[in-house]
Amino acid sequence: MTILTVALKDLRGRFVASALTAVSLMLGVSLVIASVLIARGIKESFTEGTTDYSLVVGAKGSPTQLVLNVVFRMDVPTPNILYGTYRQLRDDPRVEVAVPVALGDAYQGFRFVATTGGYFAAFPWRRKVFEVSVGRFFRDDAPEQPTYEAVLGAEAARRTGLRIGDRFYEGEELAEYPLTVVGILRSTGTADDRAIFFSLASFWETNEISRKMRVKPLTAILVRARRMSDLPSLHRGLNVSAETQAVFPSAVLLGIFNLLSLAEEVLTVILATVAIVMLLYLFVSLYSATLERKREIATMRALGASRATILGIVLLESCALASLGGAAGILGGHGVAYLGASLLAARGGLVMNLFRMSALEPVVIGSVILLGALAGLLPAVLAYRTDVAENLAPLS
Amino acid sequence: MAQTWPAVALHGVKKWFPLGNGRSLEALNVPAWALSAGSYTVLTGPSGSGKTTLLNLIAGVSVPSAGTISVHDTDIFALPEPRRDRFRARHIGYVFQTFNLLSAFTALENVMLSMMFADAIAKREQRRRAVEILSRVGLGARLSHKPQHLSRGEQQRVAIARALANNPPLVLADEPCASLDADTAREVLAEFLAVCREGGKTLLIVSHDAAVLDAGDQVVDITRINHHAHRMSVGEHS
């Protein structure tokens, strides 16, 4: 038997109180972990999921809405622009690459993204690589000859269960234009994992309004300038137009991050309050347990336990409770963060990788144990100073 | 010829309790008293006459206001507190009136706990020794029971086994049978005395029980050794 086993048995002896204290610690730590993971995940998914293109061109309106919708598939789509804008940009000598994008409805919650093969093309400046894990990319069919071929993002394929060769459609009105799965993408860790891609010609044909339009609609155009020095003039030219706006995705992200940092500051205050409440709860729990156990402490002292041993037992109890609550809180926090991330991913296009190794967990568990030891210090000193003879007296 | 030291020797021992405002209550004043090794002494006296205080002083859990107390020729209050704690664990067994078993621990663990504090028996031996001594007091089948699942007689047997776990030469017992019915008290006492006599231990028991008084080598009325037992005095002490 060691003082650790004595401490653990003492905790087991007051199972309900110990369990409640550990659960409250777990809830507090879960809240801290989940909040930090989600805040960090949102930031990272914005950073990693952003486009490599220098400009996003869309209809006049909110720049944030345009970027959130086109790049992250969040928010509601912006109004349409004309396909002619794409042709002008494609032929502009200042533009290296222009990729048209039209966002449609969704199939089982996975957004239809109509585009060209250029969307998936690899360029030296592109970090994101598109590869099919099975099948192939859809063909860039001619406007009057849609093939209705679809390529699914990895998550969309997994969740819908669609496989190569499967035909599918959303809603009765589209029953006569079923799409056929020809490829499934490897995971990119971005909103594209949750998209269903197909050609513009197929999109225009399946959409009743665009089918009737002589000049076909687009949602946005992704533009890469040939030179950095061309960007200001392109940006200006597109923004003076009455119909279009050009947005720097990086500038929009900066604005989002500024908003997030404000939220993070508020979150930090809330989390610090949670930590203090946790600390107080642990302290009160251990303090009252020590008061209740004065007789047992006096008995241990009478059996030969030194004051240091008693101090060690109470501190170990405190640290054991903190470790247990902390470890369970880290697991619980990851669980809550996973649920939160799934919810965000389902509602928007933020794909978070929450389970990468980081310093967060060791730092949190270390801090919780340290705080636990701190909370246990006063009860431990109280136990240390217990008067043996006084507390051994028979109870009246 | 080898010198034989008394098991316990008190010289000029006084104990007073502060009452505040510089006043204190003198509870004990024992100019000199000794217990020979291997003796069985019953301490009697009226309630509040300082019997438990005397036991606590000999056990070293309460510090005398004046005087010296030697146990097997060791002046226990000359030892620094951690060493006194260790000395108590190894040399003095204490049986309480209300057993004072630790409720979170089984009978076996209560006994082993005492060995852990003494650190006098090798860890691998502690369990064997605890089982042996619990079996000796008739609790071989109750090792894994917690105190609340034992009868009062069984609880006191565990307390006795715990006091004897480190094979201490001196055993102190404060009204060990007071919480038991007459039949159980007789059984427990018989086992307790048998185990102590087998081990040649010095036994000091506070009791008013006739059976205990009859079994003692000597019966000492505390009023004979404590000059303040019959007149608790309030005074000023420096």
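In the block above lies the structure referred to throughout.
Predicted model, so just to flag it, every value in this text is computed and none were measured.

Lay out the interface of chain A and chain B with the relevant residues and their values.
Between chain A and chain B, the residue contacts involve 23 residues of the former and 26 residues of the latter. In this assembly, chain A packs against chain B so that about 2300 Å² is buried in total across both faces, 63% of it on carbon and sulfur atoms. A salt bridge links B:Glu81 to A:Arg307; the shortest N-O distance between them is 2.5 Å. Linking chain A with chain B are nine residue pairs in polar contact (both at pLDDT 80 or more). Contributions of two or more residues to the side of chain A that touches chain B are made by α1 (3-13), α10 (294-302), α11 (307-347) and α13 (388-392) of chain A. The leading source of residues in the side of chain A that touches chain B is α10(A), at six residues. Considered class by class, the residues forming the side of chain A that touches chain B number 11 nonpolar, six polar and six charged.

Give a description of the environment of B:Asp119 that names residues and reports values.
Residues and elements named next belong to chain B. Of note, Asp119 is situated in the loop between α3 (107-118) and α4 (123-136). On the accessibility criterion, Asp119 (40% relative accessible area) is partly exposed. Remark: the alpha-carbon pair of Asp119 and Arg90, spanning 29 residues in sequence, is separated by 8.1 Å. Each residue touching Asp119, except ones within four places of it in the same chain, is listed here: Arg86 and Arg90.

I'd like a description of the packing of aromatic side chains, backed by residues and values.
Residues and elements named next belong to chain A. Overall, the coordinates contain 20 aromatic pairs over all chains when judged by the stated rule. Arranged with centres 5.0 Å apart and planes meeting at 80°, the rings of Phe120 and Phe197 form a pair that is edge-to-face. Within this pair, whereas Phe120 is found in the loop between β4 (110-115) and β5 (132-135), its partner Phe197 is found in strand β9 (residues 195-199), the two being separated by 77 residues in sequence. Residue Phe120 shares its accessibility class with Phe197, and that shared class is buried. Through pairs of rings, three or more aromatic residues link up here, namely Tyr119, Phe120, Phe130, Phe137, Phe138 and Phe197. Across from the ring centre of Phe257, 5.9 Å away, lies the NZ or CZ of Lys43, which sits over that ring. Its end group placed over the ring of Tyr384, Arg307 keeps NZ or CZ at 5.7 Å from the ring centre.

Parameters and conventions
Residues numbered from 1 in each chain as written. Chains lettered and ligands numbered in written order. Predicted model: local features only at pLDDT ≥ 70, side-chain atom pairs only at ≥ 80, totals over all residues. Heavy atoms only, no water. Contact = heavy atoms within 4.5 Å. Buried area = accessible area lost by both parts, 1.4 Å probe. Salt bridge = Lys/Arg side-chain N within 4 Å of Asp/Glu carboxyl O. Polar contact = N/O pair within 3.5 Å; in protein donor to acceptor, adjacent residues only side chain to side chain. Helix = DSSP H or I, 4+ residues; strand = E, 2+ residues; numbered from the N terminus. Nonpolar A, V, L, I, M, F, W, Y, C, P; charged D, E, K, R; others polar. Buried < 20%, exposed > 50% of the residue type's maximum accessible area, 1.4 Å probe, protein only. Phe/Tyr/Trp six-rings, centres within 6.5 Å; stacked < 30°, edge-to-face > 60°. Lys NZ or Arg CZ within 6 Å of the ring centre and 35° of its normal.

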